[in-house]
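# Structural overview for review
So the chains spell out like this:
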Amino acid sequence: MKRFAVVLSLLLVLSTALAGCGGSSGSSSNPSSGSNTTTPPATSGQSSGSTSGQTQTASGPSGSIMIYTSIYPDIINLVSPELEKAFPNLKVEWFQGGTEQVTAKMAAEIEAGKIGADLLMVADPSYYVYLKNRDLLMSYKSENFDAVAVDKDTEGYAYTGVRISNVVIGYNTNLVKPEEAPKTFRELTDPKWKDQVVIVDPTLSGTALVSTYALSEKYGWEYFEQLRDNGAVIGGGNSSTETKLVTGEFKVAVILEENLLKVKDRGEPVDIVYPEDGVIIVPSPIGILKTTQNAEAAKAVVDWWLSPEGQKAIVTGWMHSVRTDVESPKGAQPLASFAPGAMKVNWEDLAARSGEVKDKFVEIMGTK
């Protein structure tokens, strides 16, 4: 009974939060506008462009599909064998990079009229709002759609949440005692943490873009001015920021929970604070591009990602499942324990203002 109550509570909380963030119309500001130039994206698998083959046999879909994603390469390596088992006749190819790298590639391909992706799995939900507003996503209601308890497009079925990342505070346990660790994002502007805070660059990371937007909405841009004046610095992407925390270059970081869980599990001196002024929950979606040449395969792969098996793969990668019947990643607090106090994010507004948010951040914090 207690478990049922927790699950029901989570569903209600997330549904309420998303009801205020949904909507399908509105302006379509290019999320890539205003961002700094990024380095060329890394590529996993072959970046061969458009897909080929689209048959559906008794043993499942065949041919090939291309997935553009911001999921870390080590997670792709974990998932690929599972996909091969589920789809023995399908060749799954990947293009991997940070969200901003992937969206920059997408922007160029959209402009050229040659989109290479069949499926998109980047972190920032507002980018899917942008793509939907440009009529670039296929409408598809997965057989597992109703089991998804977080962000999903209930009006047009253009996208649905597939993994949950959380922006939290991390600290180096060799340098900071648990009782001394900051309890809120707000506390990071305190002189106690002068020159000890590192944050992720929102012009490189989709989740950092979301957290920058959420914090600026909650505390105003004055918050970042105070962080800057307190000596906070930009650490690059989540991985490089993680390194600066693990090595003790900085005592505290604003960073993804999944990075901290992974390095803590291998014995690194880090721990997690779930901020009392609100964890920033990022329900990263999956969506099918309308230009796909292998729609049946793309739909089957979406179904797999949203299935218990696919979601267990997500959890193996230290992210939270979008389903309530899959356990939290090892070492993490249950989503239901912090979701009620999470910061609100208006994805429609962020989709329209992403360039403005990145430009304002750079104006205040500079660049790395």
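Our subject is the structure that appears above.
Scope of this entry: the structure provided in the associated data block.

The rules behind these values
- Residues numbered from 1 in each chain as written.
- Predicted model: local features only at pLDDT ≥ 70, side-chain atom pairs only at ≥ 80, totals over all residues.
- Heavy atoms only, no water.
- Helix = DSSP H or I, 4+ residues; strand = E, 2+ residues; numbered from the N terminus.
- Contact = heavy atoms within 4.5 Å.
- Areas by Shrake-Rupley, 256 points an atom, 1.4 Å probe, with all protein chains shown as cover.
- Core = buried A, V, L, I, M, F, W, Y, C linked by side-chain atoms within 4.5 Å.
- Buried < 20%, exposed > 50% of the residue type's maximum accessible area, 1.4 Å probe, protein only.
- Expected span 1.5 Å × (residues − 1).
- Bend = angle between axes of the 7 residues up to and from the residue.
- Polar contact = N/O pair within 3.5 Å; in protein donor to acceptor, adjacent residues only side chain to side chain.
- Salt bridge = Lys/Arg side-chain N within 4 Å of Asp/Glu carboxyl O.

### Quick word on the overall build of the protein chain
When you go through the protein chain residue by residue, the secondary structure sums to 12 helices and 11 strands. Restricting to contacts in the protein chain with at least 6 residues of sequence separation, those with at least 24 account for 78%. Counting every atom, the protein chain has about 14,600 Å² of accessible surface; 50% of that belongs to carbon and sulfur.

### Re the nonpolar core
With 110 residues, the main nonpolar core has M106, L120, F185 and W305 as its most contacted residues. For this core, the element with the highest residue contribution is helix α9 (residues 295–306), accounting for 8 residues.

### A closer look at helix α12 (residues 347–365)
With 19 residues, α12 should cover 27 Å at 1.5 Å per step; its first-to-last C-alpha distance of 23 Å lies more than 12% under that length. Helix geometry: α12 is bent most strongly at R353, by close to 70°. For α12, the side-chain oxygen to backbone nitrogen distance between the N-cap and E348 is 3.1 Å, and the N-cap itself is N346. G366 lies just past α12 and shows a positive phi near 80°.

### Quick word on the pattern of salt bridges
The tally for this structure, following the rule as stated, stands at 20 salt bridges. When salt bridges that share partners are traced, they join E217, D349, R353 and E356 into one network.

### A word on the side chain of T207
Here T207 is to be found in helix α5 (residues 206–219). Overall, the relative accessible area of 4% leaves T207 in the buried class. With sequence-adjacent residues up to four places away left out, T207 is seen in contact with A123, S165, V167, N238, L256 and V282.

No statement about biological role is implied by the geometric values presented.
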